[in-house]
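Chains, contacts and geometry: an overview
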There are 4 protein chains.
Amino acid sequence: MADLKISRELSLAQAAQGVMAMAHFAGARHWVPATSGNFSVRMDEKLAALTATGADKAHLTEGEVIAAEIVGAKHPRASAEAPLHLARYASEPAIGAIAHIHSMPATLLSRRHEKAGVFRLEGWELLKAFSGVTTHETLLEVPIVPNDQDTDRLATLVEARMGEGGPHAPGYLIAGHGLYVWGATAKEVLRHMEAFDFLLTAALHEEDAR
Amino acid sequence: MADLKISRELSLAQAAQGVMAMAHFAGARHWVPATSGNFSVRMDEKLAALTATGADKAHLTEGEVIAAEIVGAKHPRASAEAPLHLARYASEPAIGAIAHIHSMPATLLSRRHEKAGVFRLEGWELLKAFSGVTTHETLLEVPIVPNDQDTDRLATLVEARMGEGGPHAPGYLIAGHGLYVWGATAKEVLRHMEAFDFLLTAALHEEDAR
Amino acid sequence: MADLKISRELSLAQAAQGVMAMAHFAGARHWVPATSGNFSVRMDEKLAALTATGADKAHLTEGEVIAAEIVGAKHPRASAEAPLHLARYASEPAIGAIAHIHSMPATLLSRRHEKAGVFRLEGWELLKAFSGVTTHETLLEVPIVPNDQDTDRLATLVEARMGEGGPHAPGYLIAGHGLYVWGATAKEVLRHMEAFDFLLTAALHEEDAR
Amino acid sequence: MADLKISRELSLAQAAQGVMAMAHFAGARHWVPATSGNFSVRMDEKLAALTATGADKAHLTEGEVIAAEIVGAKHPRASAEAPLHLARYASEPAIGAIAHIHSMPATLLSRRHEKAGVFRLEGWELLKAFSGVTTHETLLEVPIVPNDQDTDRLATLVEARMGEGGPHAPGYLIAGHGLYVWGATAKEVLRHMEAFDFLLTAALHEEDAR
């Protein structure tokens, strides 16, 4: 077990490669407009590599990735949304990487369904792109929480909501704000980001055409 | 005739060039989100080159293309959707290449018209992009089959449906899933993919505006 | 005057540069899907450089541009739509270049308004991108003709329609088919293509939202 | 104080770098179709670097950027819209750069809400991309003025409108025409342009779906 654990540990430089891969992909798809969005990769049980505040994620460089304690004092260069990343790592040991993006359909649906507090995805083949899903005959819930500039309070609310309902897709929406999405690795998060954008685009179109 | 036949045979390396051309084109157009989609080129009467399971089609490499028997034992690296490709080759000797993509209008229309079991394209000049069509005054049927994770059963259903109705466009839709499209060569499939995406985008817009 | 005239004459190689510039720009914008579209530049009073039949315009090469007589025998490699280009050069000496593209809003509006036979653009600042327009307080007509596989007959109809109504934008629509657009030079046609696509996208959106 | 002032002065060559950065970014996003749009960077209290008339902004070169007096005689190569840039610099000393773009949602909303004379943005997280905004619980006004080919008269109207109502987003709309957007530096204007395009796209979609 000790060996297995060591083999999963990443240096900051290694983790920053995954952070940059997610950030550059999201930038190319216009999912992090106006320097928004942030990205992280777990280094081990105690640390995660995070995008620093103020960085332009579409052109992120290694020096703009910091190592933050998952539970502990705030890093001086941490972005305001760092607590939302770190709380997820603290709650779910299987999470290895997290992306926060402002994809247009995510932003629109998050605001439209804020009162319901949840958006449901059902019946699409592309649900199988989410790790662990083996059939389109699946209904997944995406929790929606109200936006809040107090991100410590918001993180507490999110973690409470993740314990309710379900089964959940690997993500949640903040109303009028955007999408958080996670996976075991940065590569899996790349796949999950693209799946969410496709599924939410399709679902938004279906709603609008009704 | 023997010479003619030999001249149409392709090595795995040659066929893989066509598979990669289709995959990279579809990737650049965002038609294979989240590692979805698959592509194949017929090598001869008995074999077809297919994308292996798990590959990221937008960045497909030659080593991710396998030679599968059209009728015979399943290749260990074949994707779950291999039977849908192979059944088409077995049914129609003139088919030389096949693409499966998740273009957004294909996915939306396939789900909206699942009960009708067919989508009709009529009157567009771009119908002439389909091999054999010489005038816009044409009505082509695109069969729609329900989605099914048992792809052997789904392939049998599809081949039965291709024998009914018509005339058919060179493709069919799987509800909530995506589009299969074929042609004599990989180059023709590139043209057919782009024609389907354009025609289905236009048709979807017309329906939504009604 | 003789000098002036000579200075306006272009060799096939010179004219092909303009043809390729228009074709590559349209390809990058997905306005010539599935090898559709065609482009031309006037060489002198008698000849025009035209895209040959069957070429993929997004990747057009110089060898795929032919010199066709404006009035005379059909060139063996001329595309089926060559008469529509040549008739415009014969009718209007000021036309130096022509593009035919399948932009999505052009295709949709051409079919929606086929019965009216005309689409009107009014009040947009970008109308000033059309040569000779100096204010947004302008109403321009874009004629719409029914589609016809007999392009000699269609060209005759188009030239008759250009003599009616107006003032005209530098283009016309063929129903369910696409847009023809012209200008004094290939560079001007690049500007006119982009202006039409923007204006028709905006106008389509306004109609749909009503 | 004198030192501070000197450190904020830019040579024409330095200012042209900012002008080109904004123009190339806007070109890549198709916000300056058909050679439309224009860009400027303040050099000091008296001068601003401006795109010259007739330039293709997507491919702007340094030689197409001129130094114009903020208050004074018109530069012979100034574009027709130069007064709209210069009046903003004269009114607000904190403005260091200005962009004028024709983004599609800006153009559509400017025409739809011309009679109201204002468009309101409220509740979106991305409002925080505008300098000085610290919470999504913000309502910003975007003034809309009627289009006018007399840009001296239009500039006077705009500056009067900027003194009314508010708080204002860092931009205004000209009906059926496009968006003006400003900031302290060219880099800030890049962020503000992208924020406006995202926010207006989202707001337009919400209106259309009602």
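For the structure itself, consult the block above.
Residues numbered from 1 in each chain as written. Chains lettered and ligands numbered in written order. Predicted model: local features only at pLDDT ≥ 70, side-chain atom pairs only at ≥ 80, totals over all residues. Heavy atoms only, no water.

1. Some words on the overall build of chain A
Inclusion rule: Strands are runs of DSSP state E lasting at least two residues, helices are runs of H or I lasting at least four, and both sets are numbered from the N terminus onward. This radius of gyration counts C-alpha atoms alone. The globule rule is 2.2 Å times how many residues there are, raised to the power 0.38. Relative accessible area decides the class of each residue, using a 1.4 Å probe on protein chains only: under 20% of the type maximum gives buried, over 50% gives exposed, and in between gives partly exposed. Contact definition: two residues touch when any of their heavy atoms are within 4.5 Å. A 1.4 Å probe and the Shrake-Rupley method give the accessible areas. Residues count as covered only by the protein chains that appear here.
A tally of helices and strands in chain A yields six helices and eight strands. Whereas a compact globule of 210 residues would reach a radius of gyration of roughly 17 Å, chain A reaches 16 Å, a difference of no more than 12%. If one aligns the C-alpha atoms of chain A with their principal axes, the spans along those axes are about 50 × 40 × 30 Å. Counting across all 210 residues of chain A, residues that qualify as buried make up 58%. Taking the contacts inside chain A whose residues are at least 6 apart along the sequence as the reference set, 65% of them involve residues at least 24 apart. Element-wise, carbon and sulfur atoms account for 54% of the exposed surface of chain A, whose accessible area totals about 8,600 Å².

2. What to know about the packing of helix H4 (residues 104-112) of chain A against helix H6 (residues 186-209) of chain A
The description of two helices packed together rests on the angle between their axes and the distance between the axes. Residue and element names in this part refer to chain A. To keep things clear, this is the line we draw: Every axis corresponds to a line fitted to the C-alpha atoms, with the helix fit spanning only the stretch in contact, and the corresponding angles, defined between N-to-C directions, vary from 0 to 180 degrees. Put simply, angles under 35 degrees are roughly parallel, angles over 145 are roughly antiparallel, angles from 65 to 115 are roughly perpendicular, and the rest are oblique. Handedness of a crossing is defined here by the sense of rotation of the near helix relative to the far one, left-handed for an anticlockwise turn of less than a right angle and right-handed for a clockwise turn. Any residue outside Ala, Val, Leu, Ile, Met, Phe, Trp, Tyr, Cys, Pro, Asp, Glu, Lys and Arg is labelled polar, Gly included; the first ten of those are nonpolar and the last four are charged.
With their axes 9 Å apart at the nearest point, H4 and H6 run at an angle of 55 degrees to one another. Taken as axis vectors, H4 and H6 run oblique relative to one another. Once H4 is placed against H6, the crossing between them reads as left-handed. Residue-level inspection shows Pro105, Ala106, Leu108, Leu109 and Arg112 of H4 in contact with H6, the latter providing Asp197, Leu200, Thr201, Leu204, Glu207 and Asp208. Taken together, the residues of the contact of H4 with H6 sort by class into six nonpolar, one polar and four charged.

3. Details of the interface of chain C and chain B
Just so we agree on the cut-off: Once two parts are joined, some of their accessible surface, as seen by a 1.4 Å probe, is lost; buried area is that loss totalled over both. Within this document, salt bridges are pairs made up of a side-chain nitrogen of Lys or Arg and a carboxyl oxygen of Asp or Glu, the two lying within 4 Å of each other. We define a polar contact as two N or O atoms separated by no more than 3.5 Å, with the added condition that, inside protein, one atom must be a possible hydrogen donor and the other a possible acceptor, whereas residues neighbouring each other in sequence contribute only through side-chain atom pairs.
Contacts between chain C and chain B engage 19 residues on the former and 20 residues on the latter. Both sides together, the interface formed by chain C and chain B hides about 1,700 Å², and carbon and sulfur atoms give 61% of it. Summed over the three residues of chain C that lose the most area to chain B, namely Ala34(C), Arg111(C) and Gln149(C), the buried surface amounts to 34% of that side. Here chain C is connected to chain B by one salt bridge. With its nearest N and O atoms 2.9 Å apart, the salt bridge here joins Arg111(C) to Glu206(B). There are eleven residue pairs in polar contact (both at pLDDT 80 or more) connecting chain C and chain B. Counting residues per element, the ones that place at least two in the side of chain C that touches chain B are helix H4 (104-112) and helix H6 (186-209) of chain C. Here the side of chain C that touches chain B is built from residues that sort into five nonpolar, nine polar and five charged.

4. Quick notes on the relation of the copies chain C and chain B
Here is the rule we go by: In superposing the copies, a least-squares fit is computed on C-alpha atoms, taking residues whose pLDDT is at least 70 in both.
For these two chains of identical sequence, chain C goes onto chain B by a turn of 90 degrees and a shift of 0.0 Å along the axis, with RMSD 0.0 Å. Taken together, these values place the two copies in the relation of a four-fold axis.

5. Here's the deal with the side chain of Asn38(D)
All names here are of chain D. Tracing the backbone shows Asn38 in strand S1 (residues 38-42). On the accessibility criterion, Asn38 (5% relative accessible area) is buried. Looking at Asn38, its side chain comes within polar contact range of the side chain of His85, at 2.6 Å.

6. Quick word on the sheet that holds strand S7 (residues 171-174) of chain C
Residue and element names in this part refer to chain C. Heads up, the condition is: Paired strands, in this sense, are two strands between which DSSP finds at least two bridges.
Taken together, eight strands build an open sheet; the order of strands is S3-S2-S1-S4-S8-S7-S6-S5 and the sheet is mixed. Of all strands in the sheet, those bounded by a partner on one side alone are strand S3 (65-69) and strand S5 (118-122). Between one strand axis and the next, the sheet turns through 20 degrees on average, direction left out of account. As paired elements, strand S6 (residues 139-145) and S7 share two bridges and run parallel to each other. Among the inter-strand pairings, Ile144 is bridged to a residue of S7, identified as Leu173. Here helix H3 (residues 82-91) sits on the sheet in contact with strand S1 (38-42), strand S2 (47-51), S3, strand S4 (97-101), S7 and strand S8 (178-183), set at roughly 30 degrees to S1. Together, S6, S7 and S8 form the strand contacts of helix H5 (residues 151-162), whose direction differs from that of S6 by roughly 155 degrees.

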